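Here is what each chain is made of, one letter per residue.
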Amino acid sequence: MRLEYFQLIDRIVDINLADRTISTEATVPTTSTIFEGHFPGFPLMPGVLLIESMAQTSGWLVVAVNRFERMPFLAAVKDAKFRTFVTPGQKVSVNATLVHEGSGYAITKSSIALDGKPICDVELTFRIMDFPNSEMRDKMREMAALVGFPAEVPANG
Amino acid sequence: MSSTFDTIANIIAETCDIPRDSIKPESHAINDLGIDSLDFLDIAFAIDKAFGIKLPLEQWTQEVNDGKATTDQYFVLKNLSARIDELVAAKGA
């Protein structure tokens, strides 16, 4: 994770367009100014940032399904649950499944596992829109390359 | 078997916490029931699942924005019911 750049995942491990699933992984940094406030003397990864890591994971899946032609924007967060603390230095696995592709929107279910044990889950709604401008699309492609987004999205979707 | 209108009225009542008896076939989802676009995504999701269709929300929005259709055609519930029946029939054709 690069919290200062709001990059909440490190690497895409797998995208399966046939199953509409994605797996990513991320390691919580050992130091961050965020931990100075959350919490002093007891650093914890904020739950809202864990939601963001599930949103980013889901987002890359939606981008892949839309073949980088449209952009998902987070619209709703439902039934978020956090079952245990996530602390600096821990490595988490994030999974997401696209449960519905609507017209102009998508619904995903996402979860986070720590040492193979599920610790967070959520249902997310995204609005799917055209990229607002070419600069954003280009920057998203650069970010995609950083996290290992497949250069050629598998055509098995 | 409940009608298309009854199904969507029940969905709206449950999704938006609107009293079921205040939802009429003549109700306009936006103007009368006050459903906003985000809540309508929840309704669309539930309708898509219930009927096994994909409401063409983007196409409808474009038609309204282009002046080719009015919101009444898609968001007055009896009209929405008719559009859903058409989509279900087209799926089975």
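Look up a bit, the structure's there.
Our subject in this report is the structure included herewith. What you are looking at is a predicted structure, and each value in this text was computed from that prediction instead of being measured. (Residues numbered from 1 in each chain as written. Chains lettered and ligands numbered in written order. Predicted model: local features only at pLDDT ≥ 70, side-chain atom pairs only at ≥ 80, totals over all residues. Heavy atoms only, no water.)

### Section: the overall build of chain B
And then number 1: Counting its regular elements, chain B contains five helices and zero strands.
And then number 2: Relative to the compact-globule value of 12 Å for 93 residues, chain B shows a C-alpha radius of gyration of 12 Å, a close match.
And then number 3: Judged by the C-alpha coordinates and their principal axes, chain B covers about 30 × 30 × 20 Å.
And then number 4: Looking at chain B as a whole, 42% of its 93 residues are labelled buried.
And then number 5: Here the contacts in chain B between residues at least 6 apart in sequence split such that 55% fall between residues at least 24 apart.
And then number 6: Surface exposure of chain B reaches about 5,000 Å², of which carbon and sulfur atoms provide 50%. (Helix = DSSP H or I, 4+ residues; strand = E, 2+ residues; numbered from the N terminus. Rg over C-alpha atoms; globule rule 2.2 N^0.38 Å. Buried < 20%, exposed > 50% of the residue type's maximum accessible area, 1.4 Å probe, protein only. Contact = heavy atoms within 4.5 Å. Areas by Shrake-Rupley, 256 points an atom, 1.4 Å probe, with all protein chains shown as cover.)

### Brief notes about the pattern of salt bridges
And then number 1: Enumeration over the complete set of coordinates arrives at 10 salt bridges over all chains.
And then number 2: One salt bridge connects Arg70(A) with Asp130(A), and the closest N-O pair in it is separated by 3.2 Å. Separated by 60 residues along the polypeptide, Arg70(A) in strand β3 (residues 70-82) and Asp130(A) in strand β6 (residues 117-130) bring together distant segments of the chain.
And then number 3: Between Asp42(B) and Lys78(A) there is a salt bridge whose closest N-O contact spans 2.4 Å. With Asp42(B) in helix α2 (residues 37-51) and Lys78(A) in strand β3, the pair connects residues from two separate chains.
And then number 4: Taken together, the salt bridges that share partners define one network made up of Arg11(A), Glu25(A) and Lys91(A). (Salt bridge = Lys/Arg side-chain N within 4 Å of Asp/Glu carboxyl O.)

### Topic: a nonpolar patch on the surface
And then number 1: The grouping of Phe39(A), Phe42(A) and Phe85(A) at the surface amounts to a nonpolar patch, some 320 Å² of accessible area in total.
And then number 2: Inspection of the secondary structure puts Phe85(A) in the loop between β3 and β4 (91-101). (Patch = residues over 30% accessible without salt bridge, like charges linked within 9 Å, V, L, I, M, F, W, Y side chains within 5 Å.)

### What about the packing of helix α1 (residues 4-16) of chain B against helix α5 (residues 77-92) of chain B?
All names here are of chain B.
And then number 1: Here α1 crosses α5 at 115°, and the two axes come no closer than 9 Å. Between α1 and α5 the crossing geometry is right-handed. Together, Thr-4, Phe-5, Ile-8 and Ile-12 of α1 and Leu-77, Leu-80, Ser-81, Ile-84 and Asp-85 of α5 make up the contact between the two elements.
And then number 2: A breakdown of the residues in the contact of α1 with α5 according to their chemical character gives six nonpolar, two polar and one charged. (Axes fitted to C-alpha atoms, helices over the stretch in contact; angles between N-to-C directions. Left-handed = near helix turned anticlockwise from the far one by under 90°. Nonpolar A, V, L, I, M, F, W, Y, C, P; charged D, E, K, R; others polar.)

### Quick look at the pairing of strand β1 (residues 11-16) of chain A
Two faces, one strand: in a regular strand the side chains alternate between the faces of the sheet.
Residues and elements named next belong to chain A.
And then number 1: Examined bridge by bridge, β1 and strand β2 (residues 21-27) share five bridges and lie antiparallel to one another. Following the sheet pairing, Ile-12 is matched in β2 by Thr-24.
And then number 2: Connecting the antiparallel pair β1 and β2 is a turn made up of four residues, with Arg-20 showing a positive phi of about 60°. (Pairing = 2+ DSSP bridges.)

### So, the side chain of His100(A)
And then number 1: Within the secondary structure, His100(A) sits in strand β4.
And then number 2: A polar contact is formed between the side chain of His100(A) and the side chain of Asp48(B), at a distance of 2.8 Å.
And then number 3: Setting aside residues up to four positions removed in sequence, His100(A) forms contacts with Tyr105(A), Ala106(A), Ile107(A), Phe45(B) and Asp48(B). (Polar contact = N/O pair within 3.5 Å; in protein donor to acceptor, adjacent residues only side chain to side chain.)

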